[in-house]
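Listed below, chain by chain, are the residues.
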Amino acid sequence: MQQGQVAKWLKGITVLTGIAGLLFFLWVMPVMAESIVEAYPKTAHLKWPGIIYGWVIGVICYAILYQFWRVCVQIGRDNSFSEENSRSFAHISRLAVLMAVIWFAGVVFLAAVKYLGPAIGIFMILVAFICIVAAVLSAALSHLIYKAYEMRQENDLTI
């Protein structure tokens, strides 16, 4: 597969992920929050803070998607091993750490207000762990891409 084709596929997947995220954050999440309030009326005071919490996570997800889009653009330009891609993956790594902190803060908050059930707690800790794994992998990719970029620069000077 050519670089241009790979970039188009990756951009397509990024756009579909963005659309799915919009559906989730703007429709599914508020509907779920409403159904939880109907099932457990004493949680009504947590509905809007929970929705805002979800939207904050959504903003971070879209910031990550934007950085990934920038990587796709560089791949389309046949510039996969570039300083720009290294920076984008470093930004993705930092954003993933931020998201892990936010998920963990949610666990602490729900525990403090005594609404943290085992299933929700395990789910939120698992997602925080996945964010940390994504951060480490993104940091490693950033480093590898930067090293490949330096090697390419060195080879270009030699020729």
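For the structure itself, consult the block above.
Here the structure is a predicted model, which is why all the values come from computation and not from measurement.

Trainee: Explanation requested: the packing of helix 1 (residues 3–39) against helix 2 (residues 47–76) in the structure shown.
Mentor: Working note: a packed helix pair is described by the angle between its axes plus the distance between those axes. Two elements in contact, helix 1 and helix 2, have axes whose closest approach is 9 Å; the angle formed by their N-to-C orientations is 175 degrees. When the axis of helix 1 is compared with that of helix 2, the two are roughly antiparallel. Looking at the contact of helix 1 with helix 2 residue by residue, the classes come out as 21 nonpolar, eight polar and three charged.

Trainee: What is the right way to look at the layout of surface pockets in this model?
Mentor: Empty pockets left among the atoms are what a rolling probe the size of a water molecule brings to light. Taken as a whole, the largest pocket spans an internal volume of roughly 960 Å³. Together, 25 residues line the largest pocket, and I36, G50, Y53, L110 and I120 are the ones closest to its centre. Put simply, the parts of the chain that give the lining of the largest pocket at least two residues each are helix 1, helix 2, helix 3 (83–112) and helix 4 (118–158). The residue makeup of the lining of the largest pocket, split by class, is 20 nonpolar, four polar and one charged. Contributing to the lining of the second largest pocket are 14 residues, with T17, C61, I64, L65 and F68 lying nearest its centre. Those elements that place two or more of their residues in the lining of the second largest pocket are helix 1, helix 2 and helix 3.

Trainee: I keep staring at the packing of helix 3 against helix 4 and nothing clicks. Help me out?
Mentor: Here helix 3 crosses helix 4 at 165 degrees, and the two axes come no closer than 8 Å. Taken together, the axes of helix 3 and helix 4 are roughly antiparallel relative to one another. Here helix 3 runs over helix 4; the crossing is left-handed. By residue class, the composition of the contact of helix 3 with helix 4 is 26 nonpolar, six polar and one charged.

Trainee: Sorry if this is basic, but what is going on with the packing of aromatic side chains here?
Mentor: Pairs of aromatic rings are described using the distance from one ring centre to the other and the angle between the two planes. Considering all chains together, one arrives at five aromatic pairs under this definition. Measuring from ring centre to ring centre gives 5.2 Å for F24 and F25, while their planes differ by 80 degrees; the resulting arrangement is edge-to-face. What makes F24 partly exposed here is its relative accessible area of 36%. Aromatic pair Y146 and Y149: ring centres 5.9 Å apart, planes at 40 degrees, arrangement tilted. Of the two residues, Y146 and Y149 both sit in helix 4, three residues apart, roughly one turn of that helix. Note on Y146: relative accessible area 32%, which makes it partly exposed. Among the aromatic residues, those joined into a cluster by ring pairs are Y53, W103 and F123.

Each value, and the rule that gives it
Residues numbered from 1 in each chain as written. Predicted model: local features only at pLDDT ≥ 70, side-chain atom pairs only at ≥ 80, totals over all residues. Heavy atoms only, no water. Axes fitted to C-alpha atoms, helices over the stretch in contact; angles between N-to-C directions. Helix = DSSP H or I, 4+ residues; strand = E, 2+ residues; numbered from the N terminus. Parallel < 35°, antiparallel > 145°, perpendicular 65-115°, else oblique. Nonpolar A, V, L, I, M, F, W, Y, C, P; charged D, E, K, R; others polar. 1 Å grid on protein atoms, 1.4 Å probe; cavity = no way out; pocket = protein on both sides within 12 Å on 5 of 7 lines; lining within 4 Å. Points joined across faces, edges and corners; volume = space filled by probe spheres on them. Left-handed = near helix turned anticlockwise from the far one by under 90°. Phe/Tyr/Trp six-rings, centres within 6.5 Å; stacked < 30°, edge-to-face > 60°. Buried < 20%, exposed > 50% of the residue type's maximum accessible area, 1.4 Å probe, protein only.

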